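# A closer look at the structure
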Amino acid sequence: MNQKTYSEFKYPMLEINLKHVYENVKYMVDLCKSQGISIAGVIKGFNAIPEVVKQFERAGCTYLATSRMNQIIKLKQCGIEKPFMMIRIPMFSEIKELVQFVAISLNSELETLNMIQKECEVQDKKHKVILMLDLGDLREGVFDEEEFIKLAEYVENHLENVELYGVGTNLGCYGSIRPTEENLGKLCSVAEIIESKINRRLEMISGGATTSLPLILDGQMPKRINNLRIGEGMLLAEDLEKFWGYDMKHMHKDTFTLKAQVVEIKRKPTHPIGEIFIDAFGNKPTYEDNGIRKRALLAVGKQDFVLHDKLIPLKQGVKIIGSSSDHLIIDIEDCDIETKLGDILDFIMYYPPMMYLSGYADIPKVFI
Ligand SMILES: *Cc1c(COP(=O)(O)O)cnc(C)c1O
């Protein structure tokens, strides 16, 4: 397909409002700064699209953070200068790139830290590390407090090129544990034990991700926390409002918008006819019978966004009722404004569709 014909097939499309991304990030950077907290802007949720990353840079994020080395290498090649933070525990197979491209990484394994030291010697470089303490969410981090303190002392005393920059934790990802004054306070008190053993202050105590923002909003963040790693909370700002009940009206929600075209409009029953077996993905869904209703079919599907229930229709009255690989089915019975064949409908979204749509090369990305 040549360039010209392709540009005519522009739907489904992901529209990204760079100005609104910038304003959201700036708001969060300033809010956190007022409480003595720096932000590592987490760019993995939108596949590190360089145009968006530049807004993070411009808005004053101290670090650019991601779990994917390929994104860091790509951005280095694009000329992004901000220091990078690697927020997934590094693989043995990426230590060389880690030392070469990354300023600071989150770590929990002594053997990996030894390998980083060796690679630093080869490259004649230094590398900063944040040691991760697991406070009960049970993803990454050292679980045992004594072992954690020993690991910190080991890095401080035995690894010349690996700089113990601080400690951190992650909550609310696997175990769904809520960050609180108590668990983050625990991180701070363990940090202070380490400080007394190494006779100096740790530069960074990194207190989590978007799920830690409620403590900022409520003014309850333990004093020693001075860094957060934020993605969703300043990209979409949906989670804190929907799941946590915080008013985020000063944040733009239309940073990432999916635009898709209507290809069929029909009145149909709401309950399938015949024996219900399994759908195209091997699931056995249930269907509510609401009689005959007006529905529209859009030319976009699970291949693009994966989870239709994480999309939010912008048109008043639209209700998402289902999807297959290449179709999204919506109920338009209650719309005040008529939907016509060929219309383009807009959807904002929660984190998962942003991640899938932005990472999918076949979806055109249009910046406004
Ligand atoms: C993804 C991730 C974050 C950011 O999460 P958000 O919910 O997008 O703010 C922070 N820290 C770590 C270790 C992560 O993996």
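On a predicted model such as this, the values are computed, not experimentally measured, just so you know.

With that settled, consider the side chain of T112. By the element assignment, T112 lies in helix α6 (residues 110-123). Residue T112 is classed as buried on the basis of its relative accessible area of 4%. If we skip the residues at most four places from it in the chain, T112 touches P90, F92, I95 and N107.

One can describe the packing of α6 onto helix α7 (residues 145-158) by two numbers: an axis separation of 11 Å at closest approach and a directional angle of 10 degrees. What the angle tells us is that α6 and α7 run roughly parallel. Across the interface between the two elements, L110, L113 and N114 from α6 touch L151, Y154 and V155 from α7.

Turning our eyes to something else, we now look at the UniProt feature "domain: Alanine racemase N-terminal" (unreviewed entry) in the chain. Under the local residue numbering, the UniProt record ascribes the feature "domain: Alanine racemase N-terminal" (unreviewed entry) to residues 16-234. Taken end to end, residues 16-234 comprises 43% helix and 17% strand; its first and last C-alpha atoms sit 14 Å apart.

Here we come to the domain arrangement of the chain. The domain boundaries assigned to the chain delineate domain 1 (3-11 + 254-367) and domain 2 (18-239). A separation of 36 Å is found between the C-alpha centroids of domain 1 and domain 2. Taken together, the contact pairs 14 residues of domain 1 with 16 residues of domain 2. When domain 1 packs against domain 2, the two sides together hide about 1,300 Å² of surface, and 70% of this comes from carbon and sulfur. Counting the surface domain 1 buries against domain 2, the share from its top three residues, T255, Y351 and F367, is 44%. At the boundary of domain 1 with domain 2, the tally comes to zero salt bridges. Applying the counting criterion to the domain 1 and domain 2 interface returns four residue pairs in polar contact (both at pLDDT 80 or more). Of all the secondary structure elements, the ones that give two or more residues to the side of domain 1 that touches domain 2 are β15 (344-349), α13 (351-359) and β16 (365-367). Sorting elements by how many residues they give to the side of domain 1 that touches domain 2 places α13 first, with five residues. Looking at the side of domain 1 that touches domain 2 residue by residue, the classes come out as nine nonpolar, three polar and two charged.

Turning next to a negative patch on the surface. Negative charge collects at one region of the surface, where E109, E111, D144, E146 and E147 lie side by side. Mapped onto the secondary structure, E147 falls in helix α7.

Criteria and thresholds
Residues numbered from 1 in each chain as written. Predicted model: local features only at pLDDT ≥ 70, side-chain atom pairs only at ≥ 80, totals over all residues. Heavy atoms only, no water. Helix = DSSP H or I, 4+ residues; strand = E, 2+ residues; numbered from the N terminus. Buried < 20%, exposed > 50% of the residue type's maximum accessible area, 1.4 Å probe, protein only. Contact = heavy atoms within 4.5 Å. Axes fitted to C-alpha atoms, helices over the stretch in contact; angles between N-to-C directions. Parallel < 35°, antiparallel > 145°, perpendicular 65-115°, else oblique. UniProt positions renumbered as here; feature names shortened; annotations may be inferred. Domains from an automatic or database assignment. Buried area = accessible area lost by both parts, 1.4 Å probe. Salt bridge = Lys/Arg side-chain N within 4 Å of Asp/Glu carboxyl O. Polar contact = N/O pair within 3.5 Å; in protein donor to acceptor, adjacent residues only side chain to side chain. Nonpolar A, V, L, I, M, F, W, Y, C, P; charged D, E, K, R; others polar. Patch = residues over 30% accessible without salt bridge, like charges linked within 9 Å, V, L, I, M, F, W, Y side chains within 5 Å. Areas by Shrake-Rupley, 256 points an atom, 1.4 Å probe, with all protein chains shown as cover. Lys, Arg positive; Asp, Glu negative; His and termini not counted. Charge placed at Lys NZ, Arg CZ, Asp CG, Glu CD.

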